[in-house]
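Fold and contact review
Listed below, chain by chain, are the residues.
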Amino acid sequence: MSKDALNMRGPVHGTKDAKRVAIGSGVGAVIETYDFIGFGTAAALYFGTAFFPTGDPVTGTLAAFATLGVGFAARPLGGIIGGHLGDKVGRKPVLVTSLILMGVATFLIGLLPTYSQVGLLAPALLVFVRIVQGLAFGAEWGGAILMSYEHAPWKAKGKYTGIVQAGFPVGLLLANLVFLVSVNLGGELAWRVPFLASIVLVVVGLIIRSKVPESPVFDEVKDSGDIVKSPIVEVIKTDWRNIVRGIGLRVAETAGYAVSITYMISYLHTEQLADKTQTLVALCIASFIGIFATAAWARLTDRIGRRPVYIWSCAFAVLFAVPMFLMVNTGLFFFVIATIAISYAVCQNSLAGAQGAWFPELFQAKTRASGASLAYQISAMVSGFTPFVTTLLFVSFGWMGPALLFGLYAAVGLWAAVATRETWGKRERQLADEATKSTPNTVSV
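In what follows, the accompanying structure is described. A quick note: this is a predicted structure, and the numbers were derived from the prediction, not measured.

Thresholds, definitions, all that
Residues numbered from 1 in each chain as written. Predicted model: local features only at pLDDT ≥ 70, side-chain atom pairs only at ≥ 80, totals over all residues. Heavy atoms only, no water. Helix = DSSP H or I, 4+ residues; strand = E, 2+ residues; numbered from the N terminus. Rg over C-alpha atoms; globule rule 2.2 N^0.38 Å. Buried < 20%, exposed > 50% of the residue type's maximum accessible area, 1.4 Å probe, protein only. Contact = heavy atoms within 4.5 Å. Areas by Shrake-Rupley, 256 points an atom, 1.4 Å probe, with all protein chains shown as cover. Expected span 1.5 Å × (residues − 1). Phe/Tyr/Trp six-rings, centres within 6.5 Å; stacked < 30°, edge-to-face > 60°. Lys NZ or Arg CZ within 6 Å of the ring centre and 35° of its normal. Bend = angle between axes of the 7 residues up to and from the residue. Core = buried A, V, L, I, M, F, W, Y, C linked by side-chain atoms within 4.5 Å. Axes fitted to C-alpha atoms, helices over the stretch in contact; angles between N-to-C directions. Parallel < 35°, antiparallel > 145°, perpendicular 65-115°, else oblique. Left-handed = near helix turned anticlockwise from the far one by under 90°. Nonpolar A, V, L, I, M, F, W, Y, C, P; charged D, E, K, R; others polar. Salt bridge = Lys/Arg side-chain N within 4 Å of Asp/Glu carboxyl O. 1 Å grid on protein atoms, 1.4 Å probe; cavity = no way out; pocket = protein on both sides within 12 Å on 5 of 7 lines; lining within 4 Å. Points joined across faces, edges and corners; volume = space filled by probe spheres on them. Patch = residues over 30% accessible without salt bridge, like charges linked within 9 Å, V, L, I, M, F, W, Y side chains within 5 Å. Polar contact = N/O pair within 3.5 Å; in protein donor to acceptor, adjacent residues only side chain to side chain.

1. Some thoughts on the overall build of the protein
In terms of regular secondary structure, the protein is built from 17 helices and 0 strands. The C-alpha radius of gyration computed for the protein amounts to 21 Å, which stays within 12% of the reference 22 Å derived for 445 residues, consistent with globular compactness. For the protein, the proportion of its 445 residues judged to be buried stands at 58%. Once local pairs closer than 6 in sequence are excluded, the contacts in the protein between residues at least 24 apart make up 88%. A total of about 16,200 Å² of accessible surface is found on the protein, and carbon and sulfur atoms cover 70% of it.

Structural data, given as structure tokens:
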């Protein structure tokens, strides 16, 4: 890779706003995750009864997980819209708009009537707001990660994008802490309060994001007249192979999470291996560890490259698939905590930490938002319906079905990592060292 190619990553030393942008993007990621992932916790613990009452709890759970999947299915469309606008009008407008949409949809979930109150209208309304959530979340990631990436110094892209990626475990932690407290309220308040409370986070996030400056790389592309008429079409024509590889990379992380966390919550509850409080405590512990784990994995990619982290983490996940269920099947709370913590901090956070810098580096600046968003969000369709499929596998094959599915997802990620080029190898790091030494540092980051 030439130095000119590295120049499309932004200023050598980053901008004076690099830290503020990363924190602002990270705060938005916290809010978006709180809203979107909180739905998964509610679907596993409450929505089967509230919106899909049947005589069979498994059937209710399947229906709730199907609704969960609808939001994930909408994410690619959100990614297409957000990526297109991010490459055409800028990264910042996408950030603000997606946060507003997510906040309104999530607040409305807390106000929805249940099946016992309005019948079939209740699940229909739930599906609608879930679709809005999916569109917003799909548009969110590309804008947030690219803003942080393009403001960051060359040698610290992993570190700064890691701040954004660490916002996801923070959001997961907050969501589960609120559910842990609200479970004591009983009745409908146990799931309504967490969604209603999110409006406070949205207001704070909007205030922070409104002050974040536009990406210097987008400004450069715009000033040079290099704005692409149809970024989505362009990136599919010229970079479809990287989109396919990115989907494979992402599936290991997001679909693996759907098995080891989203489905696992329901599995622990229905198999009486842990009660709701114990499950939420385990998730909170894993989320707390995940905040630091994500940042640490992201920084590691700055030192050794993006690809090695991915390869070794996916290989570990393949081997961990069966032991993961053997550990929780003991019914011992210690092993439940250990399993969820390892699943999240190693199998998921390591991949998320690497994605923050690796995905933007796979695409040209003029189509970066579209390409990265497509790769990132198309895989969400797989992960969105994974809890549903996993439940069916459990009914047919017992716990070995979900375990093998988790291993399969990790194997797909391993294949994709081997097939994807390293974007921050020894040569790139050497060029960055030379550029850093030869270019005056005029900003404070």
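2. Remarks on the environment of Ile-236
Tracing the backbone shows Ile-236 in helix α10 (residues 231–270). Here Ile-236 falls in the partly exposed class, since its relative accessible area comes to 43%. In the structure, Ile-236 is positioned 131 residues away from Thr-367 in sequence and 9.6 Å away in space, judged by C-alpha atoms. Look past the residues within four positions of Ile-236 in its chain and what remains in contact with it is Ile-243 and Leu-374.

3. Section: helix α8 (residues 189–209)
Here α8 spans 31 Å end to end across 21 residues, near enough to the 30 Å set by a 1.5 Å rise per residue. Those residues of α8 that fall on the buried side of the exposure criterion are Ala-190, Trp-191, Arg-192, Pro-194, Phe-195, Ser-198, Val-202, Gly-205 and Arg-209.

4. With respect to the packing of aromatic side chains
The way to describe two aromatic rings as a pair is by their centre distance and the angle between their planes. Counted under the stated rule, the structure contains 11 aromatic pairs. Between Tyr-263 and Tyr-267 the ring centres are 5.9 Å apart and the planes differ by 35°, which places this aromatic pair in the tilted class. Placement of both Tyr-263 and Tyr-267 in helix α10 is noted, with a separation of 4 residues, approximately one turn of the helix. The structure contains a cluster of three or more aromatic residues connected by ring pairs, namely Tyr-263, Tyr-267, Phe-325, Phe-394 and Trp-399. When the ring centre of Tyr-149 is taken as reference, the NZ or CZ atom of Lys-157 above it lies at 4.5 Å.

5. Examining helix α7 (residues 157–182)
For α7, which comprises 26 residues, the first-to-last C-alpha distance of 38 Å matches the rise-based estimate of 38 Å (1.5 Å per residue) to within 8%. Along α7, the sharpest kink reaches roughly 30°, centred on Ile-163. In terms of burial, α7 is largely enclosed, as 19 of its 26 residues are buried.

6. Thoughts on the nonpolar core
Membership of the largest hydrophobic core comes to 62 residues, with the highest contact counts inside it found for Phe-47 and Phe-51. Here this core takes 10 residues from α10, the largest share from any one element. Ranked by size, the runner-up nonpolar core spans 35 residues in total, among them Ala-252, Tyr-310, Leu-362 and Tyr-376.

7. Here's the deal with the packing of helix α11 (residues 276–304) against helix α13 (residues 333–361)
At a minimum axis distance of 7 Å, the contact between α11 and α13 shows a crossing angle of 30°. On the basis of their axis angle, the class for α11 and α13 is roughly parallel. Between α11 and α13 the crossing geometry is right-handed. Considering only residue class, the contact of α11 with α13 consists of 18 nonpolar, 8 polar and no charged.

8. So, the pattern of salt bridges
As enumerated under the stated definition, the model contains 8 salt bridges in all. Note that Asp-17 and Arg-20 form a salt bridge whose closest N and O atoms lie 2.8 Å from each other. For Asp-17, a relative accessible area of 12% corresponds to the buried category. One network of salt bridges, in which partners are shared, links Lys-16, Asp-17 and Arg-20.

9. So, the environment of Tyr-149
Mapped onto the elements of the fold, Tyr-149 is located in helix α6 (residues 121–151). Look at Tyr-149 and you get buried, because its relative accessible area is 0%. Expressed as a C-alpha distance, the spacing of Tyr-149 and Lys-159, which sit 10 residues apart in the sequence, is 9.4 Å. Filtering out sequence-adjacent residues up to four positions away, Tyr-149 remains in contact with Arg-9, Lys-157, Thr-161, Gly-356, Ala-357, Pro-360, Glu-361 and Arg-368.

10. Observations regarding empty space enclosed by the protein
Where empty space is left in the structure can be found by rolling a water-sized probe over the atoms. According to the stated counting rule, one finds 3 cavities of 30 Å³ or more in the structure shown. Each pocket or cavity is described by its volume, and for the second largest cavity that value is around 70 Å³. Ala-252, Gly-256, Ala-317, Cys-347 and Phe-406 are, among the 14 residues lining the second largest cavity, the residues nearest its centre. Those elements giving two or more residues to the lining of the second largest cavity turn out to be α10, α12 (306–328), α13 and α16 (400–419). Sorting elements by how many residues they give to the lining of the second largest cavity places α10 first, with 5 residues. Residue composition of the lining of the second largest cavity, grouped by class: 8 nonpolar, 5 polar and 1 charged.

11. Topic: a nonpolar patch on the surface
Side chains of Ile-199, Val-200, Val-203, Val-204, Ile-207 and Ile-208 sit close together on the surface and give an oily, nonpolar patch of about 470 Å² of accessible area. Tracing the backbone through its elements, the reader meets Ile-208 in helix α8.

12. A word on the side chain of Ser-343
In this structure, Ser-343 sits in helix α13. By relative accessible area, which is 1% here, Ser-343 ends up buried. Setting aside residues up to four positions removed in sequence, Ser-343 forms contacts with Ser-260, Phe-320, Met-324 and Gln-348.

13. A few points about the environment of Asp-87
Secondary-structure assignment places Asp-87 in helix α3 (residues 57–88). Looking at Asp-87, the relative accessible area reads 2%, which means it is buried. Those residues within four positions of Asp-87 in sequence are excluded, and the remaining contacts are Phe-218, Ile-227, Pro-231, Ala-365, Lys-366, Thr-367, Arg-368, Ala-369 and Ser-370. A polar atom in the side chain of Asp-87 sits 3.2 Å from the backbone nitrogen of Ala-369.

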